[in-house]
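# Residue-level structure breakdown
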Amino acid sequence: MIYLQIFWAFFLPGILGYGGGPSTIPLIEAEVVDRYGWMTTSEFSEVLAMGNALPGPIATKMAGYIGYEMGGTLGAAIGVFASVAPSLVLMIGLLGLLMKHKESPKVKRMTMIVRPVIAALLAVMAYDFFIESYQGPGLLHTVFLAAASLVLMEKMNVHPAYVIAGSLLYGAIFLG
């Protein structure tokens, strides 16, 4: 039964998540944290941070890790397959159709309409992470890390992986 749950936990976000990794993360969180209760929001945010620090697609890394934690090696394989299966099927099945109509105004409008939904999903997830960090490490650490991350990435053009690694180090030193 756990293998079927792992499959659905990553297959459904793959079907519904338009645009790849960032749009599927809130959907994966809803399955893993809310529906199945395999992790807390804090644990999920740690998995997300580690997944962001590693190269490659975020959804497959999270599926592999969470699948392994819940069902061992087979669970990891099922999770990774489930996360790529919707895209694989759609890519193979619809590639010709998309190439035929890529300049269509209707296709362009459809894409423009979906973007605000993705932004709302990411905003809800960011709010949940902020509340979790405010209740966990506290307001001072949360504000400091948010401000430092903003300055490092936007003003100093530091790669996000280094910012995440620095935040992990900060957490280990000051909060561990």
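Heads up: the structure comes first, above all this text.
This is a predicted model, so every value here is computed, not measured.

Calculation criteria
Residues numbered from 1 in each chain as written. Predicted model: local features only at pLDDT ≥ 70, side-chain atom pairs only at ≥ 80, totals over all residues. Heavy atoms only, no water. Core = buried A, V, L, I, M, F, W, Y, C linked by side-chain atoms within 4.5 Å. Buried < 20%, exposed > 50% of the residue type's maximum accessible area, 1.4 Å probe, protein only. Helix = DSSP H or I, 4+ residues; strand = E, 2+ residues; numbered from the N terminus. Axes fitted to C-alpha atoms, helices over the stretch in contact; angles between N-to-C directions. Parallel < 35°, antiparallel > 145°, perpendicular 65-115°, else oblique. Left-handed = near helix turned anticlockwise from the far one by under 90°. Contact = heavy atoms within 4.5 Å. Nonpolar A, V, L, I, M, F, W, Y, C, P; charged D, E, K, R; others polar. Salt bridge = Lys/Arg side-chain N within 4 Å of Asp/Glu carboxyl O.

## Some words on the nonpolar core
The biggest cluster of nonpolar side chains holds 24 residues, and the ones touching the most others in it are Phe10, Val32, Trp38, Met39, Phe44, Leu48 and Ile66. Counting only elements with at least two residues in this core, the list comes to helix H1 (2-16), helix H2 (21-35), helix H3 (41-53), helix H4 (58-100) and helix H5 (105-135). Of all the elements, H4 adds the most residues to this core, at eight residues.

## Some remarks on the packing of H3 against H5
Interhelical geometry of H3 versus H5 gives an angle of 115° and a closest axis separation of 10 Å. Taken together, H3 and H5 sit at an angle that is classed as roughly perpendicular. Our pair here, H3 against H5, has a crossing hand that is left-handed. Judged by residue contacts, Thr41, Ser42, Phe44, Ser45 and Leu48 of H3 engage Met125, Phe129 and Glu132 from H5. Grouping the amino acids of the contact of H3 with H5 by side-chain chemistry returns four nonpolar, three polar and one charged.

## Points about the pattern of salt bridges
According to the stated counting rule, one finds one salt bridge in the structure shown. We note a salt bridge from Arg35 to Glu31, for which the minimum N-O separation is 3.0 Å. Of this pair, Arg35 and Glu31 both sit in helix H2, four residues apart, roughly one helical turn.

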